Amino acid sequence: MEIRLTDVVLEHVGGVRALDGVSLEIPEGQACVVLGLSGAGKSSLLRTVVGLEVPTHGQLALNGTVVNRQRSRALASRIGMVHQDFALVARASVAANIASGALPAMPLWRALLGRYRLNDRARVVALHRAVGLDDALLHRRVSSLSGGQQQRVGVARACMLAPSILIADEPVASLDPQTSIEIMALLCDRARAVGATLLCSVHQVELAKRFADRIIGLRAGRIVFDGPPEQLDADALAAIFGSPRLSTDATPVKAAA
Amino acid sequence: MIYGLAANFPQPYRFRHLALALLAVLLLLVSGQRIGIDRAISMTAGAVLATLGVGPPSPVADALARGREQLWPLQLETREDVARLPPIDVGALPPLSYLETGTQREAMLDPKTSQPIFRIVRTTWLVEPFGYLGHVALKMLETLEIALWGTLVAMLLRLPLALLSARNTMPARAVRLAARGVVAVLRAIPELMSALFLVMAFGFGPIPGLLALGLHAAGFLGKFYADDMEASDPAPQKALIVIGTSRLAVWRVAILPQVMPQFIAYTLYILDRNVRMATVIGLVGAGGIGQELRGRFDMYQFGHVGTILVATLLVVVVIDVVANRLRSFAGL
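Every value quoted in this text rests on a predicted model; they were computed, and no experiment measured them. (Residues numbered from 1 in each chain as written. Chains lettered and ligands numbered in written order. Predicted model: local features only at pLDDT ≥ 70, side-chain atom pairs only at ≥ 80, totals over all residues.)

Here we look at the overall build of chain B
Next, step 1: What chain B contains, in helices and strands, is 12 helices and three strands.
Next, step 2: In terms of overall dimensions, chain B is more spread out than a globule: its C-alpha atoms have a radius of gyration of 30 Å, far above the 20 Å expected for 332 residues.
Next, step 3: Seen along its three principal axes, the alpha-carbon backbone of chain B occupies a region of about 100 × 60 × 45 Å.
Next, step 4: By the burial criterion, 30% of the 332 residues in chain B qualify as buried.
Next, step 5: Across chain B, the fraction of contacts at a sequence separation of at least 24, relative to all contacts at a separation of at least 6, is 68%. (Helix = DSSP H or I, 4+ residues; strand = E, 2+ residues; numbered from the N terminus. Rg over C-alpha atoms; globule rule 2.2 N^0.38 Å. Buried ≥ 20, exposed ≤ 12 C-beta atoms within 10 Å, placed from the backbone. Contact = placed C-beta atoms within 7 Å.)

What follows is the structure in structure tokens.
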């Protein structure tokens, strides 16, 4: 699904502009990574697309339909989201968490009784394996899993309804570097598998360069860079992160080794 | 500079704490005067001294001793005049029971002179040695059943109440406030008071009892369930709402698993509490052992009262132990 933002302004209470006139067009199937410092507006951009925030001015259109205020349930269920803090039900099983991604497409009585259709259950198992989790974990509680495993569950849940847009808000911010690479690869892989547009925010430059088709640099709520990873040079990094030194924010400091 | 900050350190006790303490003492003095704390102390002390045999006779000690004497021996048997029973087959008496014939003095008024006269009557009694114990056991069972059904009524009512009064399941503020109001009222009315009125409406027996227990417990559970639901981790709830999941489905999948342990703990507590309340709720006529106690007490049959007291004590202690076992078994 295509995402188009026209002059979007998002103002929080007190007049702080989290997004300050963002215009952006992401064609269907593109893997787009948003880079920026903390507070640059990465989350605000993603939350606006998902519908957690309503733009103060400007227009948000999904597949040509303007969805500024209200969006239909059918449309909402075509967006999958992966969260920084995983947002899983810790006391429920892996299977129940993955299956919950299919709730919008299920009749209420099935949800209340926890009676998932055989098709849904088969999809849960297939996704559980596709995100690289061991079969033995399927009915374990999520709270007994490691952070990386939990985020795999999060990715599987987001894919339950074969979304047309996959949004990932700092999906690897609380994971170690190796797991981060695995999860990012998984996200791109899953998005490609269902042909979904991927919109992902990270703060590690290497990850963005490695996995993005296109990088969008945000600073103080404005787009300061928009282009393919090859074009992300020192000047562009300086525009996004300020002085080049700060660009190493949260990436391993090489000098320290 | 440093000494200036050090001098302004908050001190634990100041003049206003002293003033508050004095005010509290003053209030207690006034209230103690009204309640009669002085008499409570002197009467209790007098009773203790009299019992130890060092003081003058004490009315409190005497009354307690009289009660003790009358409660013992416990009344275990039932004894009924055969003449007042429907005809019984002597060959097929109830198990353990026997017939006993004796004489008793009967008082009546002389029809001519209106003077009391006495005559000796020969009476046959049907004696069931553990008849009253069995009766008390049945009443005790009824008490437990009242507690159980009261808990079930509460469980039935609390769910809609909690769902309507929690912020994350009911977005409409007006509905939430109304539900919270209902819950507060239910919780505010003590069981004994609502039972008093329910007895007027439903008549004597277990029905007003279980309703009174159920309504109060529904208020308690409704509030605590709603509070717990509101305090549950919002992240998974938002994650589901954002993809278009209905509120009820979100509740079932993302809220219920989080709060289930507390729900079970509260419900066990309510069951435990209802057993204890069910024993007293009969005092206003709402069924169970309390109603039996009230009846025997009003007829000055203290032997029966003794049996009831001992039975109640035993059952409450046993239930307490069982509930504790259950709770540790459930890992709470």
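A short note on the overall build of chain A
Next, step 1: Per the secondary structure count, chain A includes nine helices and 10 strands.
Next, step 2: Against the 2.2 N^0.38 benchmark of 18 Å for 257 residues, chain A shows a C-alpha radius of gyration of 18 Å, consistent with a compact globule.
Next, step 3: In terms of overall dimensions, chain A has C-alpha extents of about 55 × 50 × 35 Å along its principal axes.
Next, step 4: The buried share among the 257 residues of chain A stands at 43%.

Thoughts on the sheet that holds strand β1 (residues 78–81) of chain B
Residue and element names in this part refer to chain B.
Next, step 1: Read from one edge of the open sheet, three strands run β1-β3-β2, paired in antiparallel fashion. Each edge of the sheet is formed by a strand with only one pairing partner; in this case those strands are β1 and β2 (98–109). Strand-to-strand, the axes of this sheet are offset by a mean angle of 40°, without reference to chain direction.
Next, step 2: Looking at chain direction, β1 and strand β3 (residues 116–128) are connected through four bridges and run antiparallel. Its bridge partner lying in β3, R79 is registered against V127. (Pairing = 2+ DSSP bridges. Axes fitted to C-alpha atoms, helices over the stretch in contact; angles between N-to-C directions.)

Topic: the packing of helix α5 (residues 131–165) of chain B against helix α8 (residues 206–230) of chain B
Residues and elements named next belong to chain B.
Next, step 1: Close contact between α5 and α8 brings their axes to 6 Å; oriented N to C, the two are set at 40°. Our pair here, α5 against α8, has a crossing hand that is right-handed.
Next, step 2: Taken together, the residues of the contact of α5 with α8 break down into 18 nonpolar, six polar and three charged. (Left-handed = near helix turned anticlockwise from the far one by under 90°. Nonpolar A, V, L, I, M, F, W, Y, C, P; charged D, E, K, R; others polar.)

Structural notes on the sheet that holds strand β4 (residues 57–62) of chain A
Residues and elements named next belong to chain A.
Next, step 1: In spatial order, the strands read β2-β1-β4-β5; together these four strands make up an open sheet with antiparallel pairing. Looking at strand neighbours, the two that pair on one side only are β2 (17–26) and β5 (65–66), the edges of this open sheet.
Next, step 2: When strand β1 (residues 3–11) meets β2, the two strands line up antiparallel, connected through seven bridges. Within β2, the position partnered with R4 by the bridge is E25.

Some remarks on the interface of chain B and chain A
Next, step 1: Listed by partner, the interface residues are 17 residues for chain B and 21 residues for chain A.
Next, step 2: Put simply, the parts of the chain that give the side of chain B that touches chain A at least two residues each are α9 (234–241) and α10 (247–281) of chain B.
Next, step 3: Split into classes, the residues belonging to the side of chain B that touches chain A amount to 11 nonpolar, four polar and two charged.

Side note on helix α12 (residues 302–329) of chain B
All names here are of chain B.
Next, step 1: In a regular helix each residue adds 1.5 Å, so 28 residues correspond to 40 Å; α12 covers 40 Å between its end C-alpha atoms and thus fits that length.
Next, step 2: Within the span of α12, buried status applies to F302, H304, V305, T307, I308, A311 and T312.
Next, step 3: Those residues of α12 that are buried are in contact with α4 (59–71), α5, α10 and α11 (289–298). (Expected span 1.5 Å × (residues − 1).)

Details of the domain arrangement of chain A
For interface size, the figure often reported is the accessible area lost on association.
All names here are of chain A.
Next, step 1: Structurally, chain A comprises domain 1 (3–78 + 163–256) and domain 2 (91–160).
Next, step 2: Taking only C-alpha atoms into account, the centre of domain 1 sits 26 Å from that of domain 2.
Next, step 3: Contact with domain 1, which involves 15 residues of that partner, is made by 11 residues of domain 2.
Next, step 4: Put simply, the parts of the chain that give the side of domain 1 that touches domain 2 at least two residues each are α2 (73–76) and α7 (177–194).
Next, step 5: The biggest single contributor to the side of domain 1 that touches domain 2 is α7, with seven residues.
Next, step 6: The residue makeup of the side of domain 1 that touches domain 2, split by class, is nine nonpolar, three polar and three charged. (Domains from an automatic or database assignment.)

Points about the pairing of strand β3 (residues 31–35) of chain A
Residue and element names in this part refer to chain A.
Next, step 1: Of all five residues that make up β3, five are buried, and the element is covered over most of its length.
Next, step 2: Burial of β3 is two-sided: the residues A31, V33 and L35 facing one way and the residues C32 and V34 facing the other way are all buried.
Next, step 3: Two elements, β3 and strand β8 (residues 197–202), share five bridges in a ladder whose sense is parallel. Note that in β8 the partner of L35 across the bridge is V202.
Next, step 4: Both β3 and strand β9 (residues 214–219) contribute to a ladder of four bridges, which runs parallel. Bridging from a neighbouring strand, C32 pairs with R214 of β9.

As for the nonpolar core
Next, step 1: A:V33, A:I167, A:L187, A:L198 and A:L199 are the most contacted members of the largest nonpolar core, which totals 124 residues.
Next, step 2: Per element, the largest residue contribution to this core is 14 residues, and it comes from α10(B).
Next, step 3: Setting aside chain neighbours within four positions, we find A:V33 in contact with A:C200, A:V202, A:A208, A:F211, A:A212 and A:I215. (Core = buried A, V, L, I, M, F, W, Y, C linked by C-beta atoms within 7 Å.)

As for the domain arrangement of chain B
Next, step 1: Split into domains, chain B comes out as domain 1 (16–71), domain 2 (78–129) and domain 3 (132–329).
Next, step 2: In this structure, domain 2 of chain B and domain 3 of chain B have C-alpha centres spaced 46 Å apart.

What about unusual backbone geometry?
Next, step 1: With omega at 0°, the peptide bond leading from B:W72 into B:P73 counts as cis.
Next, step 2: By the element assignment, B:P73 lies in the loop between α4 and β1.
Next, step 3: Positioned with a positive phi, A:A162 is a non-glycine residue whose angle comes to about 45°.
Next, step 4: In this fold, A:A162 is placed in the loop between α6 (147–158) and β7 (165–169).
Next, step 5: The exposure class assigned to A:A162 is partly exposed, which follows from the 13 C-beta atoms found within 10 Å.
Next, step 6: Backbone geometry at A:A220 places phi at a positive 50°, although glycine is not the residue there.
Next, step 7: Looking at where A:A220 falls in the secondary structure, it is placed in the loop between β9 and β10 (222–227).
Next, step 8: Of the residues examined, A:A220 has 14 C-beta atoms within 10 Å and is grouped as partly exposed.

Some words on the environment of A:V50
Next, step 1: Along the chain, A:V50 turns up in helix α1 (residues 42–50).
Next, step 2: The class for A:V50 is buried, based on 21 C-beta atoms found within 10 Å.
Next, step 3: On a C-alpha basis, the gap between A:V50 and A:I167 in space is 7.5 Å, while along the polypeptide they are 117 residues apart.
Next, step 4: Leaving out residues up to four positions away in the same chain, A:V50 has contacts with A:I79, A:M81, A:I167 and B:V242.

Details of the confidence of the model for chain A
Next, step 1: Averaged over all residues, the pLDDT of chain A equals 87, while 94% of them reach at least 70.
Next, step 2: Long-range and interchain partners of residues 251–257 of chain A, a stretch whose pLDDT sits below 50, account for four contacts in this model, where long-range means more than four residues apart. (pLDDT = per-residue confidence, 0-100.)

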